[in-house]
Amino acid sequence: MGQFQWNRCWLCLQVVLSALASVCLSQDGTDTIMFLNPPEVPELAYPIQVQYSCREPSVVHLQGLVSFNTGSTLVIFHRWWRCMPGPLKIKLLILHFPDWLVYHPDWSIQVSSWVLTCLLRGLVSRGAAAEPDRSSFARTLVPLNVLSPLSRPFKQHLLCLRWDTEMHWKVFGGRWQCPKENEVATLLSSLYGSTGEHFGITKTLQPYRNEMLEGLRLKAISYPWCAFSMWVLLEEPCRDHLCGLLHHVDSQENYATPSLFLTRSGQIHVQLQGENGLSSAFLSSFTLTLGLWCLISLELKGRMGNITVACTDGHEDPLVYSSEHIFSIAVKMDDTDGYFVVGGGKFVKGIKGFYGPTMYYRSRIPSLNLPDLQVPQLVRMVNVSGWFQTCKEFKLEVDHKIADSCRAVTAKRAESSIDVYTELMLKNHPGSTRAECSTSEPLCKPRRRMVAQMIKILCDKYGTVDPAAVGRALYAAVLRKLITHGSVEVINRLMPPLLQAGCLGDNRALHLSSAFYSSGLAKKQPYKAWQLSLLAAQKDWRLALLRLGHLHHVGDQGVPPDHDLSYAYYSNIAKQTSSDRLRPSSKQTFVESIFLNDEDTLKAQTNENDDIFHWLKLQARNGVADAEQAIARMLFWGQQGVTSDIQTAVRHYERGATRLQDPVSMYDYAIVLLTGQGVPQDVPKAVTFLKKAMEQGFAPAITALGWYYEQFERNYERAAELWEQADLLGNPDAAMNLGVLHLQGLYPGQLVDKVKAYKYFLKSAQRGHLNGGIELAEIWSRGIPGYVAQHPSGAVLWAKWASEQNGYLGTVLRKGLKAHLKGNWFMAMIYYLMSAECGLAAAQFNMAFLCEHNQGGSLNPAFVTQCMLRYYNLSIQSQDPASYALVKMGDLFYEEHTRGKRDLSDAAEMYKEAALRNNPQGWYSLGLLVQEGARLPATLLSELNLLQHYFSDKLTILTTLYQRCRDSNSDEAHLPCTLALLASHLQSVHTIGCSTVKLLSAVAVAVATLSFFRIIPAILRQRSASSQQNSAPSNTRQPTEQEESSGV
């Protein structure tokens, strides 16, 4: 018993000592905090007990922290309260974790970024601040287990879903995945033929949407770890100091990391940018091989760069070279700043050759298996290098044949003179022009015999000849044979000499061959057509540039659309079009989009010997200013079938300006005087006429006078004043010139202002100015950071619009129109085919129209259908498609529907588009579809403003459609539409039923009977009054028989 009491006393003493120790410890500066029941996983509402104490007045903080895979951290809740000195205390709190951390994602709970950790943190800090101090006197940290989003429980919502939300959830719900973002950027996926000028492919990269990838990219700006690879075929050495391979331009228009150039010596110059404007560069220790496809690989590993080149012919092992360099500066690379350029750009020309697929590995360095290197499949399919190899061998054969033939001619001429009789016999009875050669010679093979004949003819005529002249003669011979035979069957036989002419340097032959292979008039070979266009475009041939621009714009024949690549071609031909206009010649013709189904426009075509032209000349002599203007315009630009004659056009300008005092003629005459086109340059005289035209308020004259002050007197103040005045009158040239002043910083009293320049260029382009459209396209292709967004598709459309005004394209169109007017269907088809492949909508329409009519039945029916489908379809992709083409496409789709190859909705869509353009055939065809039982969708009826008839019966819709057809103001369509409308009314009467018809007949008979008894008395009274009037005497003298016969 005593022992028990002792133990009890000892226990009480321990408790007292513990309490005293606790008070002393708290007073001596010990702060504590602890979670007594921390949760294992985040829960929506969790009660937690926090034990804490403090020796001085403090603040206790409780925080929930979440970290994501992007490297960011989020505070999901923060609770705090005050703590006073004293013993340990326990506080009960309810923790509320957010739904996206607790529950499975659903229609209301969005998917969050991937959560790496979730921590519960407690702090005791001094002061009364709501935020914890950096130096806390006590802390505790508890990690929570975070389940993956799809492993969490579903939340039982107390709200009902809206109908649209529920349907969206049923269709798309539960399909969570990370947004697909490729860490490999494709700078060029196709092939580009570079002319060695300031044209290339511009690519702009955007930040990652994924926060983790974007975080890594931002960290790599100061320590890049990436790689670039590009395929290049160099045809000629670089002639400039540097030629662009791949370069990066930042937003300040400075070269950025990386920039690769080719030097004159063939070495690769690699330049990188560092902080504070510092840069570093090195040269490769090797040179780029000519005539082979080479893979250039650049690897950046912080401060170290490695460039590797592997060249291959596709058969033997590749030639591999490599250079490594350590930079003395910290390399900086922000790939979203500015833009990348493959090829030539604003500040450097490109190479003369071809660029292949170009890739940028933004955050990794791929491994290269160089011993087994293979060129990409696309490069193999197009096979440009194969053409070069074959063409090189053929050129050697031609050179040998030229040397042998011309040597033989020279030897014959060196022989002794012949008598007069023999000379006359040779002149009157020349020998065969067929080349004499053995079958063992390469050029005597059947497919190359025409080349041998041409070489012999040219050597006999000129004594010596170069291969390019042989190519031109071959192309001319092929055209003559096409005109002579006038049949599709001859095309396949003429393909070998046509390709040989292209090999010898005639780009016209390359383009025509490409058109034949693309259309199927020769054996259809899309890759061969692409190859030939690349070869001609690389030689800067205008029509080939147009064709490739169109090919990459619409993505025809298996080639995917690429606006940046399309713009590279279109910008080239657009610039050429602008410069061509300053050098008018007989090889250029004004582009006129004439459709062959437009009879009125075809009748308006004329020529120098036509009655319309002679009538205009007569009107001009009689002082009609409009006639004088029309004749001068036709002659100067070669319009409406008139051959260009600048000298004669200038005389008409002069006559209109001096005799008629016509402001338009004064302006035109002053321009040719200022530029010296067709007349000696006379600036003072030009200024005199411009001032006279300006006095009559002619806006173009005001603009031209401003140009004089800018170009000849360097008076920018006066020039800007005149251009501002003309701009208010809506003159496109004035807006263009003001844009140039602001772009170059020449506007008086103002600095360079790209935004103002852009606004003026936009205004000028919208008014139809060619150069305004070119400048606008260039700005849209890259954008102005912070002001004008990049707009690649719009840039392509403006550059395309400018390119399609090229005078050389106009000449081909004019040849096609002349052939059609002369009844030469076959040659009209050839010329329109060449133009249609360039992407001109009118030419595509005319090509399909000619195939549709198939004069003489020379085209295969299957080819006719494919031709119409291809070219009508291409033509309706223009901004203002012809309604006739829309109807024809609807008919073709309908025929495919009948064969089970296409849905009927495609045909209805085409007919709807035609109907919206007030084409009666569109309304009529829609009626036929309804008549056959088709149900028109509500969206289609809505666009036609017929949605109120969606639930109506078939006869009501039929009647409405045929009424629209009848009311379309077309004389030709009025009768068939009226008959169709009558048929629908009769059909409605027939469906009423027999009893209803009898009732209506009885009512009609009753109405007719009542009307008869009312009308007959009125008629009798009218006749009685008329007889009384005739019996009354008349004082009017009746004309005699002689007067009647004389018409008096």
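Bear in mind that the values here come from a model prediction, so they are computed numbers and not experimental data.

1. Things to note about the environment of Phe282
Logical step 1: Position of Phe282 among the secondary structure elements: in strand β15 (residues 279–287).
Logical step 2: Look at Phe282 and you get buried, because its relative accessible area is 7%.
Logical step 3: Along the sequence, Phe282 and Glu324 sit 42 residues apart, while their C-alpha atoms lie 9.2 Å from each other.
Logical step 4: Those residues in contact with Phe282 that sit more than four places away from it in its chain are Ile268, His269, Val270, Ile307, His325 and Phe327.

2. Details of the side chain of Thr195
Logical step 1: Secondary-structure assignment places Thr195 in strand β9 (residues 192–195).
Logical step 2: Overall, the relative accessible area of 10% leaves Thr195 in the buried class.
Logical step 3: Those residues in contact with Thr195 that sit more than four places away from it in its chain are Ile351, Lys352, Ala537, Gln538, Asp540 and Asn572.

3. With respect to the sheet that holds strand β3 (residues 58–68)
Logical step 1: An order of β4-β3-β6-β7 is seen for the four strands of this open sheet, with the pairing classed as antiparallel. A single partner strand is all that each edge strand has here, and the edge strands are β4 (73–83) and β7 (138–144). Averaged over all neighbouring strand pairs, the angle between strand axes comes to 15°, with direction disregarded.
Logical step 2: Note that β3 and β4 share ten bridges and pair antiparallel. The partner of Leu62 across the bridge, within β4, is Arg79.

4. Looking at the pattern of salt bridges
Logical step 1: As enumerated under the stated definition, the model contains 35 salt bridges in all.
Logical step 2: With a closest N to O distance of 2.9 Å, Arg655 and Glu628 form a salt bridge. Taken as a pair, Arg655 in helix α18 (residues 646–658) and Glu628 in helix α17 (residues 625–637) lie far apart in primary sequence, 27 residues in all.
Logical step 3: On the basis of relative accessible area, Arg655 is assigned to the partly exposed category, the value being 21%.
Logical step 4: On the basis of relative accessible area, Glu628 is assigned to the buried category, the value being 1%.
Logical step 5: A salt bridge links Lys888 to Glu852; its shortest N-O distance comes to 2.9 Å. Of this pair, Lys888 sits in helix α31 (residues 883–898) while Glu852 is found in helix α29 (residues 841–853), placing the two residues 36 residues apart along the sequence.
Logical step 6: Judged by its relative accessible area of 19%, Lys888 is buried.
Logical step 7: Overlapping salt bridges, with partners in common, bring together Glu214, Arg217, Asp334, Asp335 and Arg362 in one network.

5. What about the nonpolar core?
Logical step 1: Counting residues in each nonpolar core, the largest one holds 200 residues, and the members touching the most others are Leu245, Ile268, Ile296, Leu482, Ile491 and Phe516.
Logical step 2: Here this core takes eleven residues from helix α28 (residues 825–836), the largest share from any one element.
Logical step 3: Non-local contacts of Ile491, meaning those with residues more than four positions away in its chain, are made with Leu482, Phe516, Leu521, Ala522, Phe826 and Ile830.
Logical step 4: Among the nonpolar cores identified, the runner-up in size contains 47 residues, and Ile631, Ala649, Leu690 and Leu705 belong to it.

6. Comments concerning unusual backbone geometry
Logical step 1: Cis geometry is adopted by the peptide bond preceding Pro258, which originates at Thr257 and carries an omega value of -15°.
Logical step 2: Mapped onto the elements, Pro258 comes out in strand β13 (residues 255–263).
Logical step 3: Unusually for a residue other than glycine, Asn276 sits at a positive phi of about 60°.
Logical step 4: Tracing the chain through its elements places Asn276 in the loop between β14 (267–273) and β15.
Logical step 5: What makes Asn276 exposed here is its relative accessible area of 75%.

Criteria and cut-off values
- Residues numbered from 1 in each chain as written.
- Predicted model: local features only at pLDDT ≥ 70, side-chain atom pairs only at ≥ 80, totals over all residues.
- Heavy atoms only, no water.
- Helix = DSSP H or I, 4+ residues; strand = E, 2+ residues; numbered from the N terminus.
- Buried < 20%, exposed > 50% of the residue type's maximum accessible area, 1.4 Å probe, protein only.
- Contact = heavy atoms within 4.5 Å.
- Pairing = 2+ DSSP bridges.
- Axes fitted to C-alpha atoms, helices over the stretch in contact; angles between N-to-C directions.
- Salt bridge = Lys/Arg side-chain N within 4 Å of Asp/Glu carboxyl O.
- Core = buried A, V, L, I, M, F, W, Y, C linked by side-chain atoms within 4.5 Å.

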